[in-house]
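Examining the three-dimensional arrangement
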Amino acid sequence: MASQGIKGPPCKFIHGCTKEISKLKKDVMMKMNEPMTNVSHEILPIVEPHIHKWNKLYGDIKKILGDGLVATEGKKWARQRRLAHLAFHGESLKGMIPAMVDSVHALLDRWQKLEAKEVELFEEFAMITSDVISRTAFGSSYIEGREIFQMLSELTIVVSINLFKLRLPRIRKIWKTSDDIKSERLEKAICDALLGIIEKREKKVNVGEMDDYGNDYLGSLLKAYHDPDKSKRITIDDLMDECRTFHLSGQETTTSILTWTIFLLAIHKDWQEEARKEVTDVFGNEDPNHEGIMKLKTVGMIINESLRLYPPVVNTIRKVVRQVTLGDLVLPQGIALQIPILTIHHSPRIWGDDVHLFKPERFREGVAGAVSNDAAAAFLPFGLGPRNCVGSNFTTTEVKIILAMILRHYSFTVSPDYVHLPSQILTIRPQHGLKVILHPL
Ligand code: HEM
């Protein structure tokens, strides 16, 4: 790629660029520990200091990685994608709305009993999103779900901390760090907990308590696992992997976007009022329902602007399967391209000079109206193409319900102790949490 004018940081033997990435991230963390005096949404230099630095040094956006694709491919992907699509769209999604509303009622009931009205919202949202995905996709109880999420969260932190510490696989097998041991223990415990949920559902069918495996995502996976046609069957490992993937992707990302949206509304009272007015006009004193959710235009614009400024997933990857020409570039077969979502969302060339300001009105005419030069693909919080996010409708519905119900009961402001330090631990999250003061309405 260098011969085509694509420059990048020098890659060191064994470590590549991972040492520099770790160092830049550490430097940022050390610098930014004071309470905020001035909130800025220019978060690229904080969340991805390496990309920010390399963009300046080597030009716009092109970071070329080595091997990087992890997820399933080919026929297996297509089959599992279909199952997930069926479970998280259309009528199935509509059917999940009452369970989502119930989860928010439980949250609001708890808040009502709180003495002090200052709450740590990142943690609250982590709880509610885990409750929602547990109930809607796996029919499991809050307690069962919570156990899995706590372990997944711990695992995420261990993995993220070690992401840029490169070690040779053979050495890793012989000499294990305390983090290796901890992650092995967590992985085993997560497997056991998931197996427990799977076996419980199978038992219900075996003893006649349920007629079939059910219509939620776990039900579709179990039907596929027991498919009489062997060629269509999925294995127990596939089933476990899907359960794990959906527990994690269904929770981390939604927690992130909820947290940042509330943060943005807390510091932009005008938009908070406008959103509250829309919610009251649409639902009155009723609980959110499917028809009403479709009418929430202002809330939708706010969510889009929040997804633009703080996209929970900062990068996605595409592998070049065969040589292809992209504009002036010839991309050789086998390389992996990192698509830097956060960088694209923060490009002044695409979004204009006010790129770092919170302006939901950009989305008044939809995504196409928000970007210059007809670059609609530049808004890609859920990725693009056939491999885009299968949970995007699910998450948008969930976020709208949670926001609508909170807006109706509380106005909110950010605690004076808040430290603005967005950091990446799988998704973008506030490093020191988000404390918010709730004012009952
Ligand atoms: C705000 C919330 C979310 C964001 C920002 C988000 C973002 C993304 C992105 C960027 C990708 C990669 C797309 C690509 O490479 O083109 C992705 C894939 C995926 N997401 Fe999400 N996601 C969110 C919520 C969810 C939820 C709630 C679920 C599950 C219920 C989910 C399940 C998945 C799965 C399974 C994939 C892989 C799809 C495939 O490879 O076919 N996501 N998501």
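A quick note: this is a predicted structure, and the numbers were derived from the prediction, not measured. (Residues numbered from 1 in each chain as written. Predicted model: local features only at pLDDT ≥ 70, side-chain atom pairs only at ≥ 80, totals over all residues. Heavy atoms only, no water.)

1. Digging into the overall build of the chain
A tally of regular secondary structure across the chain gives 18 helices and ten strands. Looking at the 441 residues of the chain, the share that counts as buried comes to 46%. Put simply, of all contacts in the chain between residues at least 6 apart along the chain, 73% involve residues at least 24 apart. Only carbon and sulfur atoms are counted for the fraction: they give 56% of the accessible area of the chain, which is about 22,600 Å². (Helix = DSSP H or I, 4+ residues; strand = E, 2+ residues; numbered from the N terminus. Buried < 20%, exposed > 50% of the residue type's maximum accessible area, 1.4 Å probe, protein only. Contact = heavy atoms within 4.5 Å. Areas by Shrake-Rupley, 256 points an atom, 1.4 Å probe, with all protein chains shown as cover.)

2. Points about the coordination of the iron atom of the ligand
Inspection of the coordination sphere of the iron atom of the ligand shows a single protein donor, Cys389 (SG), at 2.3 Å. Tracing the backbone through its elements, the reader meets Cys389 in the loop between α17 (366–370) and α18 (392–409). (Donors = N, O, S within 2.8 Å, 3.2 Å for Na, K, Ca; no water.)

3. Notes on the pairing of strand β8 (residues 422–425)
Sheet topology note: the β8/strand β9 (residues 427–430) ladder contains four bridges and is antiparallel. Directly across from Pro422, in β9, lies its bridge partner Pro430. From the end of β8 to the start of β9, which pair antiparallel, there are one residue, and Leu426 there has a positive phi angle of about 70 degrees. (Pairing = 2+ DSSP bridges.)

4. Description of the packing of aromatic side chains
Applying the stated rule across the entire model yields 13 aromatic pairs. Where Phe138 meets Tyr217, the ring centres are 6.4 Å apart and the plane angle is 75 degrees; that geometry is what we call edge-to-face. Taken together, the residues span a long stretch of sequence, with Phe138 in helix α6 (residues 121–138) and Tyr217 in helix α10 (residues 217–225) at a distance of 79 residues. With relative accessibility at 0%, the residue Tyr217 sits in the buried group. Relative to Phe363, the ring of Trp351 has its centre 6.2 Å away and its plane inclined at 50 degrees; by these criteria the two rings are tilted. (Phe/Tyr/Trp six-rings, centres within 6.5 Å; stacked < 30°, edge-to-face > 60°.)

5. Quick word on the nonpolar core
Among the nonpolar cores identified, the biggest contains 100 residues, and Phe88, Trp111, Tyr217, Trp351 and Phe412 are the most heavily contacted of them. When residues of this core are assigned to their parent elements, the largest contribution, twelve residues, is made by helix α11 (residues 236–267). Setting aside residues no more than four positions away along its own chain, Phe412 makes contact with Ile262, Leu265, Ala266, Lys269, Gln272, Arg276, Ile406, Leu407, Val436, Ile437, Leu438 and His439. Counting residues in hydrophobic clusters, the runner-up holds five residues, among them Val320, Leu329, Ile335 and Leu337. (Core = buried A, V, L, I, M, F, W, Y, C linked by side-chain atoms within 4.5 Å.)

6. Comments concerning the sheet that holds strand β7 (residues 410–414)
With antiparallel pairing, three strands are arranged side by side in an open sheet as β2-β10-β7. Two strands bound the open sheet, and with one partner strand each, they are β2 (118–120) and β7. Each adjacent strand pair in this sheet contributes to an overall mean axis angle of 35 degrees, direction not counted. Note: β2 against strand β10 (residues 435–440), three bridges, orientation antiparallel. (Axes fitted to C-alpha atoms, helices over the stretch in contact; angles between N-to-C directions.)

7. What about the site of the ligand?
Of all residues adjacent to the ligand, which total 26 residues, the nearest are Trp77, Arg81, Thr316, Arg318 and Cys389. Contact distances for the ligand include 2.7 Å between an oxygen atom and a side-chain N or O atom of Trp77. One nitrogen or oxygen atom from the side chain of Arg318 is found 2.6 Å from an oxygen atom belonging to the ligand. Of all the secondary structure elements, the ones that give two or more residues to the shell around the ligand are α4 (74–88), α11, β3 (316–319) and α18. Here the shell around the ligand takes six residues from α11, the largest share from any one element. Grouping the amino acids of the shell around the ligand by side-chain chemistry returns 14 nonpolar, nine polar and three charged. (Near = heavy atom within 4 Å. Polar contact = N/O pair within 3.5 Å; in protein donor to acceptor, adjacent residues only side chain to side chain. Nonpolar A, V, L, I, M, F, W, Y, C, P; charged D, E, K, R; others polar.)

These figures capture arrangement, not role.
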